[in-house]
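In case you want the letters, here they are:
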Amino acid sequence: MLYLLFGNLIGVAGCYQLEYKSREQFLIRRLLRQLADRDSLTGLHNRRSFHRQLDTLWRQGQREAQPLAMLLGDIDHFKRYNDCYGHQAGDETLQQVAWLFEEAARRPLDMAVRLGGEEFALLLYGSSADDARQRAEELRARLEQLAIEHAGSPAGLVTLSLGGVSLMSGDPLRSMDELYVLADQAL
């Protein structure tokens, strides 16, 4: 009876350890995925996850006959801002702009992205050109409301240049890079 009890205790301890390690590995994998897909400063998606999601959403939009819009935003005169106020203030400004982009990505398939430096993108699934234009105007107006001082800018405030494009599933597009190029040209 003592051997049976001892064997069961060892079995319980082994099962507990196995379950504990399994859960730990699950959390570690999620954390690594988060670190790989997100920008460390702003918490927005990074360029790698953006390209993966863009391809997925484009194919889904074609199947469901939904448009896909992309807005590109660039903080105006950002180098001068960093030179004038320092990199810490620049990081805080990037975080505020990132928050605006995150708030603009309202629907589950929308995606806010920091492409690098002071360049951001907003991927809008199922948005027409008018919807994208309205979202861009909202972004611009909300940044203006924050009234972040910028002595190196002609406007005296931090401003954002935006460009966008909206494509329907039937529009000719040879690659996803073309969507980016079209939005960049609009910027």
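Here we summarise the structure given alongside this text. (Residues numbered from 1 in each chain as written. Predicted model: local features only at pLDDT ≥ 70, side-chain atom pairs only at ≥ 80, totals over all residues. Heavy atoms only, no water.)

**Side note on the packing of aromatic side chains**
Formally: Only Phe, Tyr and Trp rings take part, Trp by its six-membered ring, and two of them pair if their centres are within 6.5 Å. Stacked means planes under 30 degrees apart, edge-to-face means over 60, and tilted covers everything else.
Scanning the entire structure with this criterion turns up four aromatic pairs. In textbook terms, an aromatic cluster arises when at least three aromatic residues are bridged by ring pairs, as seen for Phe78, Tyr81 and Tyr85.

**A word on the pattern of salt bridges**
Threshold: Salt bridge, as applied in this entry: a Lys or Arg side-chain nitrogen positioned within 4 Å of an Asp or Glu carboxyl oxygen. A run of DSSP states H or I qualifies as a helix once it reaches four residues; a run of E qualifies as a strand once it reaches two. Both are numbered from the N-terminal end. Relative accessibility thresholds used throughout: buried, under 20% of the residue-type maximum; exposed, over 50%; partly exposed, between the two (1.4 Å probe, protein chains only).
Counting across every chain of the model gives twelve salt bridges. In this structure, the salt-bridge partner of aspartate 37 is arginine 52, at a minimum N-O distance of 2.9 Å. Pair noted here: aspartate 37 is in helix 1 (residues 2-37) and arginine 52 is in helix 2 (residues 47-64), with a separation of 15 residues, a long-range link. A relative accessible area of 10% places aspartate 37 in the buried class. A salt bridge links arginine 106 to glutamate 138, with the shortest nitrogen-to-oxygen separation between them at 2.4 Å. Residue arginine 106 is located in the loop between helix 4 (87-104) and strand 2 (111-116), and its partner glutamate 138 is located in helix 5 (residues 129-146); the two are separated by 32 residues in the primary sequence. Each of the salt bridges in this network shares a partner with another, and the network as a whole consists of Arg107, Asp110 and Arg135.

**Looking at the pairing of strand 2**
Taken residue by residue, a regular strand's side chains alternate between the two faces of the sheet. Note the threshold: Think of it this way: DSSP has to see at least two bridges between two strands before they count as a pair.
Among the six residues that make up strand 2, five are buried, leaving the element largely enclosed by the rest of the structure. Pairing between strand 2 and strand 3 (residues 119-125): five bridges, direction antiparallel. The residue bridging valine 113 from the neighbouring strand is alanine 121, located in strand 3.

**Some details on the environment of serine 153**
For the record, the criterion: Contacts are assigned to residue pairs with any non-hydrogen atoms lying within 4.5 Å of each other.
Residue placement: serine 153 occurs in the loop between helix 5 and strand 4 (160-167). Spatially, the C-alpha atoms of serine 153 and aspartate 76 are 7.6 Å apart, while their sequence positions differ by 77 residues. For serine 153, the contacting residues outside a window of four places in its chain are His77 and Thr159.

**Comments concerning helix 5**
Selection criterion: Here the expected length of a helix is defined as 1.5 Å per residue gap, with one fewer gap than residues. Picture the helix axis, draw a direction to every C-beta atom, and the arc is the one those directions span.
The terminal C-alpha atoms of helix 5, which comprises 18 residues, lie 26 Å apart, in line with the 26 Å expected from a rise of 1.5 Å per residue. The complete set of buried residues in helix 5 reads Ala132, Arg135, Ala136, Leu139 and Leu143. Here the buried residues of helix 5 occupy an arc of 100° about the axis, which is enough to place them on one side. Those residues of helix 5 that are exposed and angled more than 90 degrees off the buried face are Asp130, Arg133 and Gln145. Among the structural elements, strand 1 (68-75), helix 4, strand 3 and strand 4 are those in contact with the buried residues of helix 5. Remark: alanine 147 follows helix 5 within two positions and exhibits a positive phi of approximately 50°.

Remember, this is a structural readout, not a statement about activity or role.
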